[in-house]
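The primary structure of each chain is shown beneath.
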Amino acid sequence: MPVRVRTARQHMAMFSVDADAAQRMIDYSGLQVCRYRPNKAVVVLMLMHYLDTDLGQYHEYGTNVMVNPPGSRATGLRALQSAGAFIHHLPVDQSFTLEAGRSIWGYPKVLADFTFRGGRRFSFDVSIDGRHAVGMDFRPGLPVPATFTSGARVHPTYSHLDGVTRQTAGEMRMTGARYRPGGVTVRLGDHPYARELADLGFPKRALFSGSAANVDMTFGDAEEIS
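Residues numbered from 1 in each chain as written. Predicted model: local features only at pLDDT ≥ 70, side-chain atom pairs only at ≥ 80, totals over all residues. Heavy atoms only, no water.

Another point: the overall build of the protein chain. Helix and strand content of the protein chain: 3 helices and 13 strands. Computed over the C-alpha atoms, the radius of gyration of the protein chain is 16 Å, within 12% of the 17 Å expected from 2.2 N^0.38 for a compact globule of 226 residues. A principal-axis box enclosing the C-alpha atoms of the protein chain has dimensions of 45 × 45 × 40 Å. Intrachain contacts of the protein chain at a sequence separation of at least 6 include 69% that bridge at least 24 residues. (Helix = DSSP H or I, 4+ residues; strand = E, 2+ residues; numbered from the N terminus. Rg over C-alpha atoms; globule rule 2.2 N^0.38 Å. Contact = heavy atoms within 4.5 Å.)

Spelled out as structure tokens, the structure:
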């Protein structure tokens, strides 16, 4: 430890959702969603393509809910500055990273199949046990100067597996970032993951979407918090 990601590509989109619905979805964790507006929370849907890492090459999709640090009930836009990402869904397409993610950090990784379409609009779909879970279609964003994205950012991630909630410290640097308002279409299938997203109001317009040509990350040990 720490585990290093030297090269990875990212596509992500941030959405505003009903905070009570998001809280019901993650109540099992014991954590509280960050209410950045009255009864509004933030959910981030993210695809990562890990190319050069200590855990090998793989694809990963995540449904991430922004939550307050344990014990905090902070609200408002400033509360997002200290919020971390609670990882509710985390399908991957390789067995080694699945075992490492579950045993080291308690991430809820499951095996899935990923399909991709290139061209001007990047698209992907995730299927689990032969059932379509979620797909996303991205329109290209506008380039963001590296000055604003290449500095190190430290944010915790949270996970819950086998009755234990954990916090993991990580550091991330991005280059080749592009962002735009909206810019993504979410498509839901018939897998239970899709029904959970539908309960949050998906498909819906994103606050913004983006991509990064490279993400450099490190992950430390997980700390049990409950």
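From this point on, the discussion continues.
What follows covers the nonpolar core. Judged by nonpolar contacts, the single largest core of 35 residues is most densely connected at Phe 15, Leu 45, Tyr 61, Met 136 and Phe 202. Of all the elements in the fold, those that place two or more residues in this core are strand E1 (3-18), helix H1 (19-26), strand E2 (40-53), strand E3 (58-67), strand E7 (122-128), strand E8 (131-138), strand E12 (184-188) and helix H3 (192-199). At 5 residues, H1 tops the list of elements feeding residues into this core. Discounting chain neighbours no more than four positions away, the residues touching Met 136 are Ala 13, Leu 45, Tyr 61, Phe 122, Ser 123, Phe 124, Val 184, Thr 185, Val 186 and Arg 187. (Core = buried A, V, L, I, M, F, W, Y, C linked by side-chain atoms within 4.5 Å. Buried < 20%, exposed > 50% of the residue type's maximum accessible area, 1.4 Å probe, protein only.)

Summarising burial for E7: 5 of the 7 residues are buried, a large majority. As paired strands, strand E6 (residues 113-117) and E7 are joined by 5 bridges and run antiparallel to one another. Bridged to Phe 114 within E7 is Val 126. Joining the antiparallel neighbours E6 and E7 is a turn of 4 residues, in which Gly 119 adopts a positive phi near 90 degrees. Bridge count between E7 and E8: 7 bridges; the pairing is antiparallel. Note that in E8 the partner of Asp 125 across the bridge is Gly 135. (Pairing = 2+ DSSP bridges.)

The next point concerns the pattern of salt bridges. Side chains that carry opposite charge are capable of pairing whenever their charged atoms lie near each other. Enumeration over the complete set of coordinates arrives at 11 salt bridges. Between Lys 109 and Glu 60 there is a salt bridge, and its shortest N-O distance comes to 3.4 Å. Pair noted here: Lys 109 is in strand E5 (residues 109-111) and Glu 60 is in strand E3, with a separation of 49 residues, a long-range link. On the basis of relative accessibility, which here comes to 3%, the residue Lys 109 falls in the buried class. The buried category is assigned to Glu 60, whose relative accessible area is 9%. It is possible to trace a salt-bridge network through shared partners that takes in Arg 117, Asp 125, Asp 137 and Arg 187. (Salt bridge = Lys/Arg side-chain N within 4 Å of Asp/Glu carboxyl O.)

On to unusual backbone geometry. In this chain, Phe 202 is followed by Pro 203 through a cis amide linkage whose omega measures -5 degrees. Along the chain, Pro 203 turns up in the loop between H3 and strand E13 (208-224). Here the phi dihedral of Asn 39 falls at roughly 55 degrees; this positive angle occurs in a residue that is not glycine. Considering the arrangement of structural elements, one finds Asn 39 in the loop between H1 and E2.

This paragraph deals with H1. With 6 of 8 residues buried, H1 lies mostly within the body of the structure. Elements that come into contact with the buried residues of H1 comprise E1, E2, E3, strand E4 (84-92) and H3. The N-cap residue of H1 is Asp 18: its side-chain oxygen and the backbone nitrogen of Asp 20 are 3.1 Å apart. (Polar contact = N/O pair within 3.5 Å; in protein donor to acceptor, adjacent residues only side chain to side chain.)

Tracing the chain through its elements places Arg 173 in strand E11 (residues 164-181). Its relative accessible area of 38% is what places Arg 173 among the partly exposed residues. Sequence separation between Arg 173 and Asn 214 is 41 residues, and the spatial gap between their C-alpha atoms is 8.3 Å.

In short, the description is geometric, and any link to function would need to be established separately.
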